[in-house]
Amino acid sequence: MATERAARNQRLVAAGLLFLLVGLALGLSLGSVSLPLRYVIRALAKGPSRAAVPSTDETEALAGAILWTLRFPRVLLAFIEGAGLAVAGSVMQGLFRNPMADPYVLGVSSGASLGAVLGIALGLGGVFGMWSLPALAFAGALGSAALVYALSTHRKRTDTWTLLLAGIAVSSLISSLIAFIMVIARERVDEIVFWTMGALSRASWMSVAASLAYTVPGLIALFRHARALNALSFGEEPAFHMGVQVEEAKRTLLWTSSLVVAGGVAFTGPIGFIGLIVPHAVRLVAGPDHRWLMPLSGLFGGNALLFADLVARVIAPPREMPVGVITALSGAPFFLYLLAHSRRRRE
């Protein structure tokens with residue numbers, strides 16, 4: 001049985017890599033301005049320095065400029081953010097032993113939104129250039145997570161159910177504060193709403209580098225705790241008897257997941273359903289072993305956001321939809337389908 005599942009998961013990895021190649025090709029060539037695939041390949045082969053050199057072929061020169069300035073950092077940021085959300089979602093679902101848990105359970109999303117909304121309302125967006133809103137969003141995300149963690153920790157022990165309830169309460173409070181700010185700063189409502197919907201239009205090479213700096217070390221740390229997560233899935237007491245340092249493992253998993261999510265949300269805004277749907281769907285196919293579940297969730301989570309952003313760019317050209325709208329429109333019905341499918345399997 002284990003050998004059969006491993007073979008199936010290896011096929012899933014191959015399928016995920018194939019989807020990634022297709023998603024990258026489509027993401028680089030399609031948009032408000034469609035680029036022939038041959039020009040995309042030529043621009044990639046030339047590299048960013050040579051692609052910027054003027055060419056007698058205007059289409060080729062345009063393709064190089066669009067590809068290396070706009071689309072390549074955007075598709076990379078989409079994959080990084082999607083992978084981070086999905087892996088963090090799989091961790092939260094395993095830690096809470098609840099398939100309804102998502103990476104925003106500690107209020108990271110609402111905290112990031114509050115930081116960015118305050119920056120927009122107070123006109124701080126230009127104080128530190130392009131880093132102003134991401135810095136405020138990152139600070140808000142970590143502040144919210146720290147508050148939830150502090151409310152749930154007593155005598156160096158963190159209760160997961162209290163953590164879940166505190167996250168819901170803090171998120172509700174922050175949502176009310178955001179609504180209050182939107183009423184006060186009505187002239188900036190459009191900008192606030194667009195940010196809180198989640199979008200990848202602000203992607204740049206600097207944001208890709210910053211996201212990688214948080215995401216890659218965080219994912220490596222989470223992958224190293226796959227066995228501990230497998231043990232925690234049976235409960236904290238059984239995990240303790242299996243040799244897991246429960247409180248230390250919970251603290252590492254919670255804070256590392258929060259850092260991964262905060263590092264992505266700071267540049268894209270909150271993007272829903274990726275961290276909820278993808279790990280749940282992967283678990284149904286690949287099984288509950290986090291040694292497979294986390295990397296597969298990362299691969300398919302990155303693909304999911306990559307394709308969602310592609311739809312957001314091409315669904316109503318030349319206008320662009322926030323990618324958070326696309327993930328919600330597609331994620332909610334799919335999640336209802338998964339719930340119905342799970343119930344039929346139990347019956």
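In this text the structure is predicted, and so the values were computed from the model without any measurement. (Residues numbered from 1 in each chain as written. Predicted model: local features only at pLDDT ≥ 70, side-chain atom pairs only at ≥ 80, totals over all residues. Heavy atoms only, no water.)

Visitor: Hey, could you run me through unusual backbone geometry in this one?
Guide: What you tend to see is this: most non-glycine residues have negative phi, and most peptide bonds are trans. For arginine 97, which is not glycine, the phi torsion reads 55° and is therefore positive. Despite not being glycine, phenylalanine 273 has its phi angle at roughly 75°, a positive value. Within the secondary structure layout, phenylalanine 273 lies in the loop between helix H11 (246–268) and helix H12 (274–286). The class of phenylalanine 273 is partly exposed, set by a relative accessible area of 29%. (Helix = DSSP H or I, 4+ residues; strand = E, 2+ residues; numbered from the N terminus. Buried < 20%, exposed > 50% of the residue type's maximum accessible area, 1.4 Å probe, protein only.)

Visitor: Explain the confidence of the model for the protein here, please?
Guide: Do not read the fine detail of predicted coordinates wherever pLDDT is low. With 92% of its residues at a pLDDT of at least 70, the protein reaches an overall mean of 85. The spread of mean pLDDT over the elements of the protein runs between helix H2 (residues 37–51), the lowest at 73, and helix H13 (residues 290–314), the highest at 94. (pLDDT = per-residue confidence, 0-100.)

Visitor: Hey, could you run me through the pattern of salt bridges in this one?
Guide: Pairs can form between side chains of opposite charge whenever their charged atoms are close. On inspection of all chains with the given rule, the structure shows 8 salt bridges. Put simply, glutamate 236 and arginine 157 hold a salt bridge, and the shortest N to O gap is 3.5 Å. One end of the pair, glutamate 236, is in helix H10 (residues 236–241); the other, arginine 157, is in strand S2 (residues 157–158), with 79 residues separating them in the sequence. Taking the shortest distance from any N to any O, the salt bridge between arginine 188 and glutamate 191 comes out at 3.9 Å. Given the relative accessible area of 31%, arginine 188 is considered partly exposed. Salt bridges sharing partners connect three or more residues here, namely Arg74, Asp309, Arg313 and Glu320. (Salt bridge = Lys/Arg side-chain N within 4 Å of Asp/Glu carboxyl O.)

Visitor: What's the story with the packing of aromatic side chains in this structure? I'm lost.
Guide: What describes a pair of aromatic rings is the distance from one ring centre to the other and the angle between the planes of the rings. In the structure shown here, the tally under the stated rule is 5 aromatic pairs. Here tryptophan 68 and tryptophan 205 contribute two aromatic rings whose centre-to-centre distance is 6.3 Å and whose plane-to-plane angle is 25°, an arrangement assigned as stacked. With tryptophan 68 in helix H3 (residues 58–96) and tryptophan 205 in helix H8 (residues 205–223), the pair connects residues that are 137 residues apart, well separated along the chain. The buried category is assigned to tryptophan 68, whose relative accessible area is 14%. The class of tryptophan 205 is partly exposed, set by a relative accessible area of 37%. A ring pair is formed by phenylalanine 72 and tryptophan 205, whose centres lie 5.6 Å apart and whose planes are at 85°; its orientation type is edge-to-face. Linking phenylalanine 72 in helix H3 with tryptophan 205 in helix H8, this pair joins segments that are 133 residues apart in sequence. Among the aromatic residues, ring-to-ring pairing joins Trp68, Phe72 and Trp205 into one connected group. (Phe/Tyr/Trp six-rings, centres within 6.5 Å; stacked < 30°, edge-to-face > 60°.)

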